[in-house]
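These are the residues of each chain, in order.
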2 protein chains.
Amino acid sequence: MIDNQLIAKLKAKHIKITPKREAILQLFLNRECCFSPDQVWGHLRKQFKHCGLPSVYRNLELFAQHGVLTKIQKTDRRLYYALCKDHDDHPHYHMICVDCGRVEDVPTNIVPEVDKVKGFKILKHFYQAEGVCQQCAN
Amino acid sequence: MIDNQLIAKLKAKHIKITPKREAILQLFLNRECCFSPDQVWGHLRKQFKHCGLPSVYRNLELFAQHGVLTKIQKTDRRLYYALCKDHDDHPHYHMICVDCGRVEDVPTNIVPEVDKVKGFKILKHFYQAEGVCQQCAN
DNA sequence: AAATAAATAGAAATGATTTCTATTTAAGGG
DNA sequence: CCCTTAAATAGAAATCATTTCTATTTATTT
Ligand SMILES: [Mn+2]
Ligand SMILES: [Mn+2]
Ligand SMILES: [Zn+2]
Ligand SMILES: [Zn+2]
């Protein structure tokens, strides 16, 4: 059912595979959308009688720390996470559908060349695009 | 004292020029840094005996709506605003010094060409860089 | 100076996120 | 399998940045 490569990766990092964690990953694998902790919680409560929201927050952040999920910035300033498949192997950014929440990895060759312009030493940069995906355009 | 061109611009938009608003603009004009509402409030309370935090929130958002200020994304996920001088005349992004908070407008020619790649219709995009400014590097 | 719509202070509410702690559980070794 | 142990969890409570509400004040126009 769940991606075995992903499980192996997590085990290699000494991260326990719990039913809740599997269900969270499964949700992101099934629907390639971004979800807020609250949305993930709502999904988990269908499967599990007991389910704490703080655990959802902790696990989403854990997955983000290990490159499995990426944080998505939306205008409502709440937390959103999405699956990041090309985990740091190739530079890419994320494109979010404002309609359905779909998140696509898009390879990029944007490189900050600006340290010459203003004398800034760039430590990190962030690019994100919003729009309407092909499916939602119809 | 305060930028008269800016005042004229605001009057043209039927925005009342109040002492608090002048003081907020003056702060951003004096120090080209990003500030949180709380930081602006702390500054205003030195000059004004009575000063409500909700007014600060409202005014910062008002200025942002009218392109005078721009929102800055920091990792602490709190609101930050900075002066945006090149207001939409030229495409540019913002570079933030992680040390002193300085914000620089940097012209860009980054154009999202990705609607071809994945069939996405891009509505807006956001780029921001973080680093250390020349002054703080010394 | 008076009229008026907008701006404000201050208190209170909101709600997403975090913290805390006792209990449960996954993983590894016998 | 059964034990052991460190990690994960639920649930309640706290936190705290941001927003809402309302009576009062104020900037602008007559
Ligand atoms: Mn990704
Ligand atoms: Mn700007
Ligand atoms: Zn879509
Ligand atoms: Zn600096």
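Residues numbered from 1 in each chain as written. Chains lettered and ligands numbered in written order. Predicted model: local features only at pLDDT ≥ 70, side-chain atom pairs only at ≥ 80, totals over all residues. Heavy atoms only, no water.

K.L.:
Teacher, can you tell me more about the overall build of chain A here?
P.N.:
Within chain A, the secondary structure is distributed over 6 helices and 5 strands. Overall, chain A shows an N-to-C arrangement of helices and strands of α-α-α-α-β-β-β-β-α-β-α. Along the three orthogonal principal directions, the C-alpha set of chain A runs to about 55 × 40 × 25 Å. Residues counted as buried form 43% of the 138 residues belonging to chain A. By sequence separation, contacts in chain A at least 24 residues apart represent 49% of the contacts at least 6 residues apart. (Helix = DSSP H or I, 4+ residues; strand = E, 2+ residues; numbered from the N terminus. Buried < 20%, exposed > 50% of the residue type's maximum accessible area, 1.4 Å probe, protein only. Contact = heavy atoms within 4.5 Å.)

K.L.:
Can you walk me through the protein's contact with DNA strand C in this structure?
P.N.:
As a matter of local geometry, DNA strand C sits amid 21 residues, with Y57 of chain A together with K20, H50, G52 and S55 of chain B nearest to it. Here, DNA strand C places atoms within 4 Å of the protein, and 73% of those atoms are sugar or phosphate. S55 of chain B has a polar side-chain atom sitting 2.8 Å from a phosphate oxygen of DNA strand C. The separation between a phosphate oxygen of DNA strand C and a polar side-chain atom of R77 of chain B is 2.9 Å. Those elements that place two or more of their residues in the surface near DNA strand C are α4 (53-65) of chain A together with α2 (19-30) and α4 (53-65) of chain B. Considering every element that reaches the surface near DNA strand C, the biggest residue donor is α4 of chain B, with 4 residues. Grouping the constituent residues of the surface near DNA strand C by class yields 8 nonpolar, 6 polar and 7 charged. (Near = heavy atom within 4 Å. Polar contact = N/O pair within 3.5 Å; in protein donor to acceptor, adjacent residues only side chain to side chain. Nonpolar A, V, L, I, M, F, W, Y, C, P; charged D, E, K, R; others polar.)

K.L.:
What am I meant to see in the relation of the copies chain A and chain B here?
P.N.:
Between the two chain copies there is a screw-like relation: a rotation about an axis and a shift along it. Superposition of chain A onto chain B requires a rotation of 180° combined with a translation of 0.0 Å along the rotation axis, giving an RMSD of 0.0 Å. The superposition of one copy onto the other is thereby described by a two-fold rotation axis. The rotation axis passes nearest to the C-alpha of Y127 of chain A in chain A, at a distance of 2.2 Å. Interface overlap between copies: 100% of the residues of chain A at the interface are likewise at the interface in chain B, consistent with a symmetric, same-surface contact. (Least-squares fit on C-alpha atoms with pLDDT ≥ 70 in both.)

K.L.:
Please explain α4 of chain A as it appears in this structure.
P.N.:
An α-helix turns once every 3.6 residues. As a result, residues three or four positions apart point the same way. Residue and element names in this part refer to chain A. Taking 1.5 Å of rise per residue, the 13 residues of α4 would be expected to cover 18 Å, and the 19 Å separating its terminal C-alpha atoms lies within 8% of that figure. For α4, the set of buried residues is V56, N59, L60, F63 and A64. Buried residues of α4, seen end-on, are gathered within an arc of 140° and therefore sit on one face of the element. Exposed and facing more than 90 degrees away from the buried side of α4 are P54, R58 and Q65. Those residues of α4 that are buried lie in contact with α1 (4-12), α2 (19-30), α3 (37-47), β1 (69-72) and β2 (80-83). (Expected span 1.5 Å × (residues − 1). Arc of directions from axis to C-beta.)

K.L.:
For this particular structure, what's the right way to read the sheet that holds strand β5 (residues 121-132) of chain B?
P.N.:
By definition, the strands of a sheet pair up through backbone hydrogen bonds, in either a parallel or an antiparallel sense. Strand order in the open sheet formed by 6 strands is β4(A)-β3(A)-β5(A)-β5(B)-β3(B)-β4(B), and the pairing between neighbours is mixed. Looking at which strands have only one partner, the edges of the open sheet turn out to be β4 (103-107) of chain A together with β4 (103-107) of chain B. Direction aside, neighbouring strands of the sheet carry axes that sit 25° apart on average. One ladder, built from 4 bridges, connects strand β3 (residues 92-97) of chain A with strand β5 (residues 121-132) of chain A; its direction is parallel. (Pairing = 2+ DSSP bridges. Axes fitted to C-alpha atoms, helices over the stretch in contact; angles between N-to-C directions.)

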